[in-house]
Amino acid sequence: MSYVDGFVLAVPEKNLAEYRKIARKAGKISLEHGALEFRECVADDVKSGKQTSFPQSVKLKPGEVVVFSYIVYKNRAQRDRVNAKVMADPRLKTMMEGKDMPFDGKRMIYGGFKTLVALA
């Protein structure tokens, strides 16, 4: 079974084009280093809930949109190897420093997940 890194974050709508540019670059580099799949998805049908929701999870503010992202790997060991290479890649050095990110990284939720069911 595969392994997945998942991310949920809030991106100001005015920064979405810049976010896309950075995500595309990071995605291409992740795939070069061995990731199997890389997706960045913008919320289209997410509502605030009474208890929990995507907007609540990132403390969504007016003028922001929820982004859900995931990267697929063969397994956790491969994920760890790919992430080490991605983090060390000089093409992403300034981006990884976080100074000019087009979103608030403190409100990003992320984690690694073992696949429970996979259908295609």
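About the criteria used
Residues numbered from 1 in each chain as written. Predicted model: local features only at pLDDT ≥ 70, side-chain atom pairs only at ≥ 80, totals over all residues. Heavy atoms only, no water. Salt bridge = Lys/Arg side-chain N within 4 Å of Asp/Glu carboxyl O. Helix = DSSP H or I, 4+ residues; strand = E, 2+ residues; numbered from the N terminus. Contact = heavy atoms within 4.5 Å. Buried < 20%, exposed > 50% of the residue type's maximum accessible area, 1.4 Å probe, protein only. Polar contact = N/O pair within 3.5 Å; in protein donor to acceptor, adjacent residues only side chain to side chain. Phe/Tyr/Trp six-rings, centres within 6.5 Å; stacked < 30°, edge-to-face > 60°.

- As recorded by an unreviewed UniProt entry, the protein carries the name RNA signal recognition particle 4.5S RNA and is attributed to Hyphomicrobium sulfonivorans.

Section: the pattern of salt bridges
Then step 1. For the coordinates displayed, the defined rule picks out 8 salt bridges.
Then step 2. In this structure, a network of salt bridges that share partners links the residues D5, R79 and D80.

Considerations on the environment of V67
Then step 1. Looking at the element boundaries, V67 is found in strand β3 (residues 64-73).
Then step 2. C-alpha separation for the pair V67 and F54, spaced 13 residues apart in sequence, amounts to 9.1 Å.
Then step 3. Every residue in contact with V67, bar those within four places of it in the chain, is listed here: F7, V8, L9, V11, L16, Y19, E40, C41 and V42.

Topic: the side chain of D5
Then step 1. In this fold, D5 is placed in strand β1 (residues 3-12).
Then step 2. Exposure remark for D5: the relative accessible area of 5% places this residue in the buried category.
Then step 3. Polar side-chain contacts of D5 include one of 3.4 Å to the side chain of N83.
Then step 4. Setting aside its immediate chain neighbours within four residues, D5 contacts S69, Y70, I71, Y73, R79, N83, G111 and G112.

Observations concerning the packing of aromatic side chains
For any pair of aromatic rings, the description consists of the separation of the ring centres together with the inter-plane angle of the planes.
Then step 1. Per the counting criterion, the structure on display carries 4 aromatic pairs.
Then step 2. Centroid distance Y19 to F103: 5.7 Å. Interplanar angle 75 degrees. Geometry classified as edge-to-face. One end of the pair, Y19, is in helix α1 (residues 16-32); the other, F103, is in the loop between α4 (93-96) and β4 (109-114), with 84 residues separating them in the sequence.
Then step 3. Owing to a relative accessible area of 9%, Y19 belongs among the buried residues under this scheme.
Then step 4. What makes F103 buried here is its relative accessible area of 15%.

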